[in-house]
Amino acid sequence: TLSRTANSATGRTGVLQGVRLRQYGVNYETTTGNGYYGAYQYDDGTWGGYGGYRHASDAPPAVQDQKAAETFAARGCSPWPNTCS
């Protein structure tokens, strides 16, 4: 199940890789014009200037991946209900 998978670092990485693949083809620079940015499609409120970058799409992949790991650890799949499995 997801809860067992999410409890391991390997499982979390796999889940987040799936989120990236289902969003916009792993494009870390995605700006869709709908208020969501980067590989994980963060809005600016959730992104919160993380790492000193205004939008997620401005941040390098390692920074986006770190924020996604922190978000997933705190909130599970709730930020990505249609793409997290």
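The structure this text deals with has already been given above.
So, a few notes on the structure that sits alongside this text. (Residues numbered from 1 in each chain as written. Predicted model: local features only at pLDDT ≥ 70, side-chain atom pairs only at ≥ 80, totals over all residues. Heavy atoms only, no water.)

Right, let's talk about the layout of surface pockets for a bit. Of the pockets and cavities examined, the largest pocket occupies roughly 250 Å³. Taken together, 13 residues form the lining of the largest pocket, with Tyr-36, Tyr-40, Gln-41, Pro-79 and Trp-80 sitting closest to its centre. When the residues that make up the lining of the largest pocket are grouped by side-chain class, the tally is seven nonpolar, four polar and two charged. (1 Å grid on protein atoms, 1.4 Å probe; cavity = no way out; pocket = protein on both sides within 12 Å on 5 of 7 lines; lining within 4 Å. Points joined across faces, edges and corners; volume = space filled by probe spheres on them. Nonpolar A, V, L, I, M, F, W, Y, C, P; charged D, E, K, R; others polar.)

A separate point is the state of the cysteines. Applying the stated criterion across every chain, the model contains one disulfide. With its sulfur 2.0 Å from that of its partner, Cys-77 forms a disulfide with Cys-84. On the S-S bond that ties Cys-77 to Cys-84, the torsion sits near -50°, and the link is left-handed. In this structure, Cys-77 and Cys-84 share a single accessibility class: buried. (Disulfide = S-S within 2.5 Å. Buried < 20%, exposed > 50% of the residue type's maximum accessible area, 1.4 Å probe, protein only.)

So, on to the packing of aromatic side chains. Enumeration according to the criterion identifies four aromatic pairs in this entry. Consider the rings of Tyr-40 and Trp-80, whose centres lie 6.2 Å apart with planes at 55°: the pair is tilted. You can see Tyr-40 sitting in the loop between helix H2 (9-24) and helix H3 (44-47) and its partner Trp-80 sitting in the segment after helix H4 (61-75), a full 40 residues away along the chain. Classification of Tyr-40 by relative accessible area gives buried; the value is 2%. Ring centres 6.3 Å apart and planes at 80° place the aromatic pair Tyr-42 and Trp-80 in the edge-to-face group. Of this pair, Tyr-42 sits in the loop between H2 and H3 while Trp-80 sits in the segment after H4, and the two are 38 residues apart along the sequence. In textbook terms, an aromatic cluster arises when at least three aromatic residues are bridged by ring pairs, as seen for Tyr-40, Tyr-42, Trp-47, Tyr-50 and Trp-80. (Phe/Tyr/Trp six-rings, centres within 6.5 Å; stacked < 30°, edge-to-face > 60°. Helix = DSSP H or I, 4+ residues; strand = E, 2+ residues; numbered from the N terminus.)

Helix length check: H4, at 15 residues, gives a terminal C-alpha distance of 20 Å against a target of 21 Å (1.5 Å per residue), a fit within 8%. Those residues of H4 that sit buried are Gln-64, Lys-67, Ala-68, Ala-69, Thr-71 and Phe-72. (Expected span 1.5 Å × (residues − 1).)

A separate point is the pattern of salt bridges. Per the counting criterion, the structure on display carries one salt bridge. A salt bridge links Asp-65 to Arg-20; its shortest N-O distance comes to 3.7 Å. Within this pair, whereas Asp-65 is found in helix H4, its partner Arg-20 is found in helix H2, the two being separated by 45 residues in sequence. Among the residues examined, Asp-65 registers a relative accessible area of 28% and is labelled partly exposed. Judged by relative accessible area, which is 13%, Arg-20 ranks as buried. (Salt bridge = Lys/Arg side-chain N within 4 Å of Asp/Glu carboxyl O.)

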